[in-house]
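Structural features, examined
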Amino acid sequence: MLSFLKYVLGTIVGLFIFFFIGFLILLGIAASTASSDEITLTESSVLELKLDKPISERDPDNPLAELGFAFGSLSSTDGLDQIKAAIRRAKTDDNIEGIFLNMTFVDGGMAKLEEIRNELIAFKKSGKFLVSYTDLSTEKAYYLASVADKIYLNPMGTIEFNGMSSELYFFKRMLDKLGIEAQIFKVGTYKSAVEPFFLEQASEASKEQLNSFLNSINDFQLKQIAEARGVEVAELKNVQDSLLVRDPEDAKKYGLITDIGYYDEAIGFMKEKTGIEEAEEIELVPLDTYKKVKGNEAISTSKNRIAVIYAEGDIVDGEGDQDNIGSSRFAEALRDARLDEDVKAVVLRISSPGGSALASDVIWREVQLTKAKKPVIASMSDVAASGGYYIAMGCDTIVAHPNTITGSIGVFGIIPNMQGFLNDKLGITVDHVSTGQFSDMPTVTRPMTPQEEEIVQTQIDQIYDTFTSKAAQGRDMSQDQLKEYASGRVWSGIEAKQRNLVDAYGGLEEAIAIAAEKANVEDDYRLKALPARKSFFEEMFSGFGAQAKEESIKAELGELYPYYKLYKKVSNLHGVQARLPYDLRLE
């Protein structure tokens, strides 16, 4: 038996060493590939954009991404920064003849799509071609494709063109069945983040704001599409509302596409444009490959820096991680930018639905201290609402896209009463022994007393007063005037600008230009990205366990996985929240 155990142990150790060495070899190959500048393009190449990965603000530094490995925040995503940089480089790259949009689904927010679309429009001005092909196109994918010179749709394909919608989930009946009471505290008629826990459908106020900003964003995008396709906005609106595009012939009839054709026909057109013989292969260069092509851009040697601080995800207390906005980590990033004499201005790039009110205030304070020494410009991405607006409202200038989701100036808190669930469903009873009247406050094992409810609501009211007071100060208006636009109401970027909640339209580049101008370094600066990210190896080893666990849960739950993610988000709501009313996913 002893020899058998030795044999088994030896086999296990051998296998471990084998896999470990194999993994190191794989890392070496990937690192060598990632660091190589030897990739060159042939003449008459075409940049192919599929955009079939989730689009984040910053490109993950993952040399194993092409091999399908993902660790923590080094997931399989495309960074908006690299997508835009690739399009800009292709514009002046002599080896790139055009761009091929080969897209079906695009997993990105509306403001990110706007920035990509603007880069594509700028690319067209170079005189190079822009061709799109799809078998099936979602509304987001078509929004990008609408700027193309030639838009091919498969003869059996379709384009989704029916307007925007947003589905809201309500949990009251589930909580009732479980015997759980949601004790709600909030300020603001429109602060509807808590509605799913005590209502079975959206309130009239919630429907009003949803209808308002959805229509605002949709009207803006219809206007952009109409301009690109040379169609009247009213006609496009009628096509959309009446669902007149039901097959490729309809899409061509109403001007959404230029050609009904197959993939090979789109390829054939590009061959003609590039002068490639029909029998030859056209060189389609994927985005991941083009990132590695050594460019000929001039590298600035300026000592002056503009710090771009990327704030993406939920706002949480403490350090947080790479996927959210930890108050201490971002406060440190702002301090680094403030104390660095080479940094002449700061751009706070925000893509956040909000989160912890306390964490938001910690970051706001650092914005104020930094603003006293150098310009601080807010650049709003897809969403900068509630806590996301909180950290923006003190900046010198707020820049947003017309289709940015913002506002939601309000706060809320939820304390569940699980006594019924424990007593009736689990047969558990809880007794309390305390040294004072409020010693066990807050607790989830009994209902709150009227005095406790009054205390919590007073705290919520005070935080809301602080929020609106600081917002009014930052926006140079009275608190009463600011409160007219608050009450938790969500606005589109267009609506927010009309109400002086933002200053200008534009993306990250426009915000950087404003920062450079205010710092008097218009043509003499380099960018510095903050907060500093973990290295690939740090992220890989720290994310091993969490990634494996997450993938296991995802495989086990299947279609129920999004609800698990929602549960995890709710379970991490600590303290008073300044958060967007919905987990918004516009389709």
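Because the structure is predicted, anything quoted here is derived from the model rather than measured. Counting starts from 1 at the beginning of each chain's written sequence and moves along it residue by residue. A pLDDT threshold of at least 70 governs which residues receive local features in this predicted model, and a stricter bar of 80 or more applies before side-chain atom pairs are shown or counted, although totals over entire chains, interfaces and linings include all residues. The side-chain values count all of the structure's non-hydrogen atoms but skip hydrogen atoms and water molecules.

Regarding the environment of Met441
- With respect to the helices, strands and loops of the structure, Met441 is situated in the loop between helix H14 (419-425) and helix H15 (450-475).
- Leaving out residues up to four positions away in the same chain, Met441 has contacts with Met448, Glu452, Ile455 and Val456. In DSSP terms, a helix is any run of H or I states spanning at least four residues, a strand is any run of E spanning at least two, and both are numbered starting from the N terminus. The contact criterion used throughout is that any non-hydrogen atoms of two residues lie within 4.5 Å.

So, the pattern of salt bridges
- One side-chain nitrogen of Lys or Arg within 4 Å of one carboxyl oxygen of Asp or Glu is enough to make a salt bridge. Summed over the entire model, instances satisfying the criterion amount to 28 salt bridges.
- Here Lys53 makes a salt bridge to Asp78, at a shortest N to O gap of 4.0 Å. In this pair, Lys53 sits in the loop between strand S1 (45-49) and strand S2 (55-56) while Asp78 sits in strand S3 (residues 78-79), placing the two residues 25 residues apart along the sequence. Judged on exposure class, the residue Lys53 and its partner Asp78 are both buried.
- A salt bridge links Lys291 to Asp288; the shortest N-O distance between them is 3.3 Å.
- Overall, the relative accessible area of 22% leaves Lys291 in the partly exposed class.
- Summary of the burial criterion: residues with accessible area below 20% of their type's maximum are buried, those above 50% are exposed, and those between are partly exposed, where the area comes from a 1.4 Å probe applied to protein chains only. Judged by its relative accessible area of 21%, Asp288 is partly exposed.

A closer look at the sheet that holds S1
- Strand pairing is assigned whenever DSSP identifies at least 2 bridges connecting the two strands. A sheet is described by the order of its strands in space; here 6 strands give the open sequence S8-S6-S5-S4-S1-S9, paired in parallel fashion. Of all the strands in the sheet, the pair left with one neighbour each is strand S8 (259-260) and strand S9 (284-286).
- Inspection of the sheet shows strand S5 (residues 129-137) paired to strand S6 (residues 150-159) by 6 bridges, in the parallel sense. If you follow Ser132 over to S6, its bridge partner there is Ile151.

Points about the nonpolar core
- Put simply, a nonpolar core is a bunch of buried Ala, Val, Leu, Ile, Met, Phe, Trp, Tyr and Cys residues held in one set by side-chain atoms that sit within 4.5 Å of each other. If you look at the biggest cluster of nonpolar residues, it comprises 50 residues, and the most contacted ones within it are Ile309, Val346, Met380, Leu482 and Leu501.
- In terms of residue count, the dominant contributor to this core is H15 (6 residues).
- Not counting residues within four places of it along the chain, the set of residues in contact with Leu501 comprises Tyr389, Ile398, Ile409, Arg475, Leu482, Tyr485, Trp491 and Ala496.
- The next biggest cluster of nonpolar side chains, apart from the first, holds 47 residues, and it includes Ala148, Phe220, Val245 and Leu287.

Focus: a nonpolar patch on the surface
- Excluding any residue in a salt bridge, patches collect residues exceeding 30% relative accessible area, merging like charges within 9 Å and nonpolar Val, Leu, Ile, Met, Phe, Trp and Tyr side chains within 5 Å. Exposure was quantified through the Shrake-Rupley algorithm and a 1.4 Å probe, taking into account, for residues, occlusion by the shown protein chains and nothing else. Together, Leu426, Ile428 and Val430 line one region of the surface with nonpolar side chains, adding up to about 240 Å² of accessible area.
- Counting through the fold element by element, Leu426 comes out in the loop between H14 and H15.

Considerations on the environment of Met380
- In this fold, Met380 is placed in strand S15 (residues 376-385).
- Sequence separation between Met380 and Ala511 is 131 residues; the distance between their C-alpha atoms is 9.2 Å.
- Contact partners of Met380, with chain neighbours within four places excluded, come to Arg349, Ile350, Tyr389, Ala392, Ile398, Val399, Ala400, His401, Thr404, Thr406 and Val502.

So, helix H11 (residues 327-339)
- By this rule the span expected of a helix is its residue count minus one, scaled by 1.5 Å. With 13 residues, H11 should reach 18 Å at 1.5 Å per residue; the first-to-last C-alpha distance of 18 Å fits that figure.
- Listed in full, the buried residues belonging to H11 are Ser327, Arg329, Phe330, Ala331, Ala333, Leu334, Ala337 and Arg338.
- For H11, the elements touching its buried residues are strand S10 (305-312), strand S11 (315-316), strand S12 (325-326), strand S13 (343-352), helix H12 (357-371) and strand S21 (526-530).

Examining a negative patch on the surface
- Asp and Glu count as negative and Lys and Arg as positive, but His and the ends of the chain are not part of the count. Where a charge lies is defined by one atom per residue type, namely NZ (Lys), CZ (Arg), CG (Asp) and CD (Glu). Together, Glu272, Glu277, Glu278 and Glu280 make up a negatively charged patch on the protein surface.
- Along the chain, Glu280 falls in the loop between helix H9 (263-274) and S9.

Let's talk about the packing of aromatic side chains
- Only Phe, Tyr and Trp rings are paired, with Trp represented by its six-membered ring, and only when their centres lie within 6.5 Å; those with planes under 30 degrees apart are stacked, over 60 edge-to-face, the remainder tilted. The tally for this structure, following the rule as stated, stands at 6 aromatic pairs.
- Between Tyr133 and Tyr263, the aromatic rings sit 5.7 Å apart at their centres with planes inclined by 80°, giving edge-to-face as the arrangement. Of this pair, Tyr133 sits in strand S5 while Tyr263 sits in helix H9; the two residues are 130 residues apart in sequence, bridging distant segments of the chain.
- Looking at Tyr133, the relative accessible area reads 3%, which means it is buried.
- By relative accessible area, which is 35% here, Tyr263 ends up partly exposed.

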